[in-house]
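# Survey of secondary and tertiary structure
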Amino acid sequence: METMKFVQLGVVIFLCKAFVCGFVEESSCTPGFESELLVFKVHRDDLHQGKRLGRVIFNTCDGRTRTLFQSSDKRFAVNMDGTVTLKRQVTLHEGHKVFSVHAWDSSGKKHTVSVRVERVRHHEDRHMDTVMNISSPQMESPSDDLVLMFPKSSTGLKRAKREAKGGWIIPPINVLENSRGPYPMELAQIVSDYSLEAQMAYSITGDGADLDPKGTFTIDKNSGNLFVTRPLDRETKASYRIIAHATGVGVNITEKPVEIIINVIDQNDNSPVFTQDPFNGNVPEAADKGHEFMSVTATDADDPDTVNAAIRYSIVKQDPESPNPNMFQINSVTGGIRVNSLGLDKEKWSKYTLTVVAADMEGRGYSSNGHSCYYCD
């Protein structure tokens, strides 16, 4: 019986946080959205199907006037000119809704803008929609709506929901990681009903207050304004548990402490990293088309529950391109490498080198490039 011959595969990965490893000419224009947070203010009666909310502006730096946008909330559509419309009626249960809009520049890099849809207040023009550009995204963070009151028997919490057993829940405060500030950045105001009767002093304890990382959150003892003092990193710490306290100044008043959860919202700030260097495998020289003989894997430190960590694999180059340039194929989701064409011959081609790419955002985000080397025994 003839001895089966094998082609050996080795994978060598050279990481680079870029879409294309190479030299590019510098340009004074930087592609991206005009702002990092848009606020659309509308009357609640206008939140019907087909309603035009406003427009997002994306600078392509290449003269294009139309861009492909993607909304994270399927109820909101974004046309190629940036117009945001409602695909169906929306109810703002908490008075606002936050979602993301994505766009890709000519190099394939993904850009994101946060969009906040707010119901206008009674003192604002009922017939005029407004749009605000905000330079730093906070994802439901600083807002003059965000006033947290200590619960009392006759009053509740703004932005709070009553539990079935009669307790109170304060919805988490969401803060986008890597926000540029300015710092300190106000997140909320904590208020005691007793402040109408006596001077109250406010304080906080817990994660990022008196516990490490100490000083990340502070509170003005007189006003109750809660601040974050520095950019947050979700990969370092994804959430913080803070306890708010209020005591009377010169009077015997002490509020029951209230727990506040601060969640750090993920940004795509990490590239995929291959788990091994090199990867090695063997494939029979006479393997049939479709035979999967090995796989490559990469990980991403971003939130695994978001597309920021959704990795896709691709083979972008084969050397030599013989007997044809598509001898191998990779499963874009699993990283499994299989034979794509017959004709492997170790006597003629003793080594194949492939360029393999792992990119997050389902293949549209940051990427890591590497070389896959096939050796013939």
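Residues numbered from 1 in each chain as written. Predicted model: local features only at pLDDT ≥ 70, side-chain atom pairs only at ≥ 80, totals over all residues. Heavy atoms only, no water.

The next point concerns the sheet that holds strand 16 (residues 185-191). In sheet architecture, strand pairing relies on hydrogen bonds along the backbone and comes in two forms, parallel and antiparallel. The strand order across the open sheet formed by four strands is 12-16-19-18, and the pairing between neighbours is mixed. Only two strands of the sheet have a single neighbouring strand rather than two, namely strand 12 (147-149) and strand 18 (217-219). On average, each strand axis in the sheet is inclined to that of its neighbour by 25°, with strand direction left out of account. (Pairing = 2+ DSSP bridges. Helix = DSSP H or I, 4+ residues; strand = E, 2+ residues; numbered from the N terminus. Axes fitted to C-alpha atoms, helices over the stretch in contact; angles between N-to-C directions.)

Reading across from one edge, 24-28-27 is the order of the three strands in this open sheet, with antiparallel pairing throughout. Where the open sheet ends on each side, the last strands, each with one partner, are strand 24 (292-295) and strand 27 (328-330). Within the sheet, the average angular offset between the axes of one strand and its neighbour, ignoring direction, is 25°. Here strand 27 runs beside strand 28 (residues 336-339); their pairing, made up of three bridges, is antiparallel. Residue Phe-328 lies in a different strand from strand 28, and its bridge partner there is Val-339.

Further remarks concern the packing of aromatic side chains. What characterises a pair of aromatic rings is the spacing of the ring centres plus the angle enclosed by the ring planes. Taken as a whole, this structure holds six aromatic pairs when the rule is applied. For the ring pair Phe-76 and Phe-99, a centre distance of 4.2 Å and an interplane angle of 15° mean the geometry is stacked. In this pair, Phe-76 is assigned in strand 7 (residues 76-78) and Phe-99 in strand 9 (residues 96-104), connecting sequence segments 23 residues apart. Residue Phe-76 is classed as buried on the basis of its relative accessible area of 3%. Judged by centre distance (5.0 Å) and plane angle (75°), the rings of Phe-217 and Tyr-240 are edge-to-face. Here Phe-217 is found in strand 18, whereas its partner Tyr-240 is found in strand 20 (residues 239-248), with 23 residues between them in sequence. The residues Phe-217 and Tyr-240 share a single accessibility class, namely buried. The ring of Tyr-240 has Lys-237 lying over it, and the distance from NZ or CZ to the ring centre is 5.4 Å. (Phe/Tyr/Trp six-rings, centres within 6.5 Å; stacked < 30°, edge-to-face > 60°. Buried < 20%, exposed > 50% of the residue type's maximum accessible area, 1.4 Å probe, protein only. Lys NZ or Arg CZ within 6 Å of the ring centre and 35° of its normal.)

Looking now at the side chain of Glu-118. Mapped onto the elements, Glu-118 comes out in strand 10 (residues 110-119). On the basis of relative accessibility, which here comes to 10%, the residue Glu-118 falls in the buried class. At 2.4 Å, the side chain of Glu-118 forms a polar contact with the side chain of Arg-116. Beyond its immediate chain neighbours, meaning those up to four positions away, Glu-118 contacts Val-39, Phe-40, Lys-41, Val-42, Leu-92, Gly-95 and His-96. (Polar contact = N/O pair within 3.5 Å; in protein donor to acceptor, adjacent residues only side chain to side chain. Contact = heavy atoms within 4.5 Å.)

Before going further, it helps to spend a moment on unusual backbone geometry. At the junction of Gly-181 and Pro-182, the peptide bond is cis and its omega measures out at 10° in the coordinates. Residues Asp-212 and Pro-213 are joined by a peptide bond in cis, for which omega reads -5°. Its identity is not glycine, yet Asn-178 carries a phi of approximately 65°, on the positive side. With respect to the helices and strands, the residue Asn-178 is situated in the loop between strand 15 (173-176) and strand 16.

In this section: the confidence of the model for the protein chain. Detailed reading of the predicted coordinates is not advisable wherever pLDDT is low. When the pLDDT values of the protein chain are averaged, the result is 77; 76% of them are 70 or greater. Confidence, expressed as mean pLDDT per element, reaches its minimum in the protein chain at strand 11 (residues 130-134) with 35 and its maximum at strand 18 with 96. Predicted confidence for residues 122-145 stays below pLDDT 50, and this span has 73 contacts to residues more than four positions away or in other chains. Contacts for the low-pLDDT stretch residues 153-168, under 50 throughout, to residues beyond four places or in other chains number 34 contacts. (pLDDT = per-residue confidence, 0-100.)

To continue, consider the environment of Asn-178. Note on Asn-178: relative accessible area 31%, which makes it partly exposed. Note: C-alpha distance between Asn-178 and Leu-232 (54 residues apart in sequence) is 5.7 Å. If we ignore the near neighbours within four places in the chain, the residues touching Asn-178 are Pro-231, Leu-232, Gln-267 and Asp-269. Of the polar contacts made by the side chain of Asn-178, one reaches the side chain of Gln-267; its length is 3.2 Å.

All right, on to the pattern of salt bridges then. Evaluation of the coordinates by the stated rule reveals ten salt bridges. One salt bridge in this structure joins Glu-259 and Arg-241, with 2.3 Å as the shortest N-O distance. Here Arg-241 lies in strand 20 and Glu-259 lies in strand 21 (residues 258-265), a separation of 18 residues in the sequence. Taking relative accessible area as the criterion, Glu-259 reaches 38% and is therefore assigned partly exposed. (Salt bridge = Lys/Arg side-chain N within 4 Å of Asp/Glu carboxyl O.)

This part covers the environment of Met-185. For Met-185, the position within the fold is in strand 16. Considered as a pair, Met-185 and Leu-226 are 41 residues apart in the sequence and their alpha carbons are 8.4 Å apart.

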